[in-house]
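Analysis of the macromolecular model
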Amino acid sequence: MNISTFRAFKSRNYRLYFGGQSVSLIGTWMQKTAVSWVIYSLTHSTFMLGLTLFASQFPSFLFSLLGGVVSDRYNRYRVLLTTQVASMIQAVLLTILIFSKHYVVWEILTLSVVLGIINAFDVPARQSLVYEMIEDKNDLPNALALNSSMVNLSRLIGPAIAGIVLENLGDGVCFLMNALSFVAVIISLLLMKLPKYINKPHPKNVFGELKEGFSYIKRTPEISFILIMLMLVSLFVLPYSTLIPFYARDVFKGTASTFGIIDSFIGLGAFAGAIFLASLKPGHNLKKILGINTLVFGAGLVLFSHEGNYILALVFSAVAGFGMMSQITISNTVIQTTSDINMRGRVISFYAMAFFGMQPLGGLLIGSISKWIGTTNTVLGEGVIALMIGLLHLRFLHKAKIKKRDEQLLNQAVINVA
């Protein structure tokens, strides 16, 4: 790792954003861990874990396109500030509910739906605003990789803290700490000094702008290809994370701390993957790295699925986390650096649909399949699917390379004849 790994920190606004988000995301992962543990403790059902993922992310799928239009039409900074305040209110309500000790599953699921709706507007605004925070636009890929390292460092720290807090202080404290963590990100946003927002005319209505965004993606194969790959991985592979409580409690006969540790090792691998991507110098073939790391992701899941040794299982979960990281980071990087600035919010909303929309559907699918063929066989199947997607990805890139070479040879031949 060298100083260029952190070159995006030259921008003051990005430093503020990174600091505030780091604190908030640790709280977010604490809440995610606590919600999964509370739901599984109440129901002992892997299907209910999938339903919880569905409740928290499917609303993002339904509303993300509208969120993308809002991000492109209005002041992204104001939109982001509003969504962060709304998220804090949701976290406070959830905290009050858990501390009351008189809660049922549907109440937790309802508040998860509310958070999913908020995230539909938060993600396009937040991801698009990063571009405006960076003073030297050449540092944008580095900033996006650092974002991912932040997300995954918080995934490493958050569940580990949550496991300890759940055992020693109770689930209510986990939710309270998440509610308090939003204070940091709101303060960081208020301290930013962004260029003055210039309101642009929007002659098209909301549906016209949605259609325009879809047409733009269709005629930009570089973006549409990445989105299709992300959709497949999000639907069939990423929902494996909803089954981790089963491994913690039923395979390794552990407690909430066991669950937190496994989740943290997934985060450790993902953090290592994010730092690896942040350290890459400009010019690397990110799409090829994405294909290779999809194979790494699949191999990690295959090895983890039936592993009875706890230590080896932790190692394999970290390998899976390393490969998983590329799905999110590289997809986001290609989209942000390729898309037109006036389309960025809408393109990111399609990215959010692929990522947040397919995962909850996959969560329901994987939860149902696990009841039919068993949880360990389900995770094995997800690993095999990841390997197939990775091979398909590399084959597509190879064919595209051959096609490009043939076109160059043909053009050279035409020039020579002329």
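Presented here is a report on the structure given in the accompanying data block. (Residues numbered from 1 in each chain as written. Predicted model: local features only at pLDDT ≥ 70, side-chain atom pairs only at ≥ 80, totals over all residues. Heavy atoms only, no water.)

Right, let's get into the overall build of the protein. The helix and strand tally for the protein stands at 14 helices and zero strands. Overall, the protein shows an N-to-C arrangement of helices and strands of α-α-α-α-α-α-α-α-α-α-α-α-α-α. Taken over C-alpha atoms, the radius of gyration comes to 21 Å for the protein, in line with the 22 Å a tight globule of 418 residues would show. By its C-alpha atoms, the protein is 80 × 50 × 45 Å across when sized along the principal axes. Just so you have it, the protein exposes about 18300 Å², and 69% of that area is on carbon and sulfur atoms. A distance of 6 Å separates the average location of the 33 positive side-chain charges in the protein from that of its 19 negative side-chain charges. (Helix = DSSP H or I, 4+ residues; strand = E, 2+ residues; numbered from the N terminus. Rg over C-alpha atoms; globule rule 2.2 N^0.38 Å. Areas by Shrake-Rupley, 256 points an atom, 1.4 Å probe, with all protein chains shown as cover. Lys, Arg positive; Asp, Glu negative; His and termini not counted. Charge placed at Lys NZ, Arg CZ, Asp CG, Glu CD.)

Relative to each other, helix H1 (residues 12-43) and helix H4 (residues 105-133) sit at 160 degrees, their axes nearing to 13 Å. Comparing their axes, H4 and H1 come out roughly antiparallel. As for how H1 packs across H4, the hand of that crossing is left-handed. Facing Asn 13, Tyr 14, Tyr 17, Gln 21, Gln 31, Val 35, Val 38, Ile 39, Leu 42 and Thr 43 of H1, the residues of H4 in contact are Val 105, Ile 108, Leu 115, Arg 126, Val 130 and Met 133. Counted by class, the contact of H1 with H4 contains 11 nonpolar, four polar and one charged residues. (Axes fitted to C-alpha atoms, helices over the stretch in contact; angles between N-to-C directions. Parallel < 35°, antiparallel > 145°, perpendicular 65-115°, else oblique. Left-handed = near helix turned anticlockwise from the far one by under 90°. Contact = heavy atoms within 4.5 Å. Nonpolar A, V, L, I, M, F, W, Y, C, P; charged D, E, K, R; others polar.)

Under the definition given, this model contains two salt bridges. Between Asp 122 and Arg 126 there is a salt bridge, with the nearest N and O atoms lying 2.6 Å from each other. Taken together, the positions of Asp 122 and Arg 126, both in helix H4 and four residues apart, correspond to about one turn of that helix. Arg 126 sits in the buried class, given a relative accessible area of 17%. (Salt bridge = Lys/Arg side-chain N within 4 Å of Asp/Glu carboxyl O. Buried < 20%, exposed > 50% of the residue type's maximum accessible area, 1.4 Å probe, protein only.)

This next bit is on the nonpolar core. Membership of the largest hydrophobic core comes to 109 residues, with the highest contact counts inside it found for Tyr 14, Ile 108, Val 130, Tyr 240 and Phe 297. Residues within four places of Tyr 240 in sequence aside, it is in contact with Ile 266, Phe 297, Leu 301, Ala 320, Met 324 and Glu 382. (Core = buried A, V, L, I, M, F, W, Y, C linked by side-chain atoms within 4.5 Å.)

We now examine the packing of helix H2 (residues 46-73) against H4. For the pair H2 and H4, interaxial distance at closest approach is 7 Å and the crossing angle is 35 degrees. When the axes of H2 and H4 are compared, the crossing they make is right-handed. A breakdown of the residues in the contact of H2 with H4 according to their chemical character gives 15 nonpolar, 11 polar and no charged.

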